[in-house]
Amino acid sequence: MEQQLVVFELANEFYGINIALVESIIKVQAITQLPQTPKYVKGVTNLRGSVLPVIDLRTRFALETKEDTRQTRIIIVTMGTVKVGVVVDGVSEVLRISDESIEPLPPLVNSVDSAFLKGIVRLENRLIILLELSKVLNLEEQKSLEALVV
């Protein structure tokens, strides 16, 4: 079997998510910060007349924060039951991979905190970390994002 991935960059590493989960990719636009939200929630934005929560994957993954650049993008995805904007450093490509090219994570990486990591794709000159988007936020966190847009 084969699958298509949207490959994006975050802190000089490449990550991939299944293209079927991606609604669109947009340039960074105005984000309204909200009080009393988790650190990884950048706020909400207006996307075609709908209020959309926006999360920062750098903060969620406990990576060093960085100012937005011209390459910074928001990937609009369905995460569990809620549509969310995910801020990434840049989107590089759409890639077709075979299921055989996906390797399991090393044993040291398998923990509750890394449940959203699905595997690693080894290409000739780089590795791509596969994300399981539905597990980046737990159910309680997903429900709190849903409450932001109701």
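Undergrad: It is not clear to me how the sheet that holds strand β8 (residues 90–98) should be interpreted in this structure. Could you clarify?
TA: Strand-to-strand pairing in sheets goes through backbone hydrogen bonds, with the strands running parallel or antiparallel. As summarised here, the arrangement of the six strands in space is β8-β1-β2-β11-β10-β9, forming an open sheet in which the pairing is mixed. Two strands in the sheet have a free side with no partner beyond their single neighbour: β8 and β9 (102–103). The sheet contact formed by strand β1 (residues 2–10) and strand β2 (residues 13–18) spans six bridges and is antiparallel. Bridged to F8 within β2 is Y15.

Undergrad: Hey, could you run me through the pattern of salt bridges in this one?
TA: Side chains that differ in sign of charge can pair as their charged atoms come close. In the structure shown here, the tally under the stated rule is nine salt bridges. A salt bridge links E93 to R126; the nearest nitrogen and oxygen atoms lie 2.1 Å apart. One end of the pair, E93, is in strand β8; the other, R126, is in the loop between β10 (117–122) and β11 (127–131), and 33 residues separate them in sequence. Residue E93 is classed as partly exposed on the basis of its relative accessible area, which comes to 25%. Several salt bridges converge on common partners, so that one network encompasses E23, R48 and K83.

Undergrad: Sorry if this is basic, but what is going on with unusual backbone geometry here?
TA: For residues besides glycine, phi is generally negative; the peptide bonds are generally trans as well. In this model, N12 sits at a positive phi of 65°, which is unusual for a non-glycine residue. Of note, N12 is situated in the loop between β1 and β2. The exposure class of N12 is exposed, given its relative accessible area of 66%. In the Ramachandran plot, R48 falls in the positive-phi region, its phi being about 50° despite a non-glycine side chain.

Reading guide: rules and limits
- Residues numbered from 1 in each chain as written.
- Predicted model: local features only at pLDDT ≥ 70, side-chain atom pairs only at ≥ 80, totals over all residues.
- Heavy atoms only, no water.
- Pairing = 2+ DSSP bridges.
- Helix = DSSP H or I, 4+ residues; strand = E, 2+ residues; numbered from the N terminus.
- Salt bridge = Lys/Arg side-chain N within 4 Å of Asp/Glu carboxyl O.
- Buried < 20%, exposed > 50% of the residue type's maximum accessible area, 1.4 Å probe, protein only.

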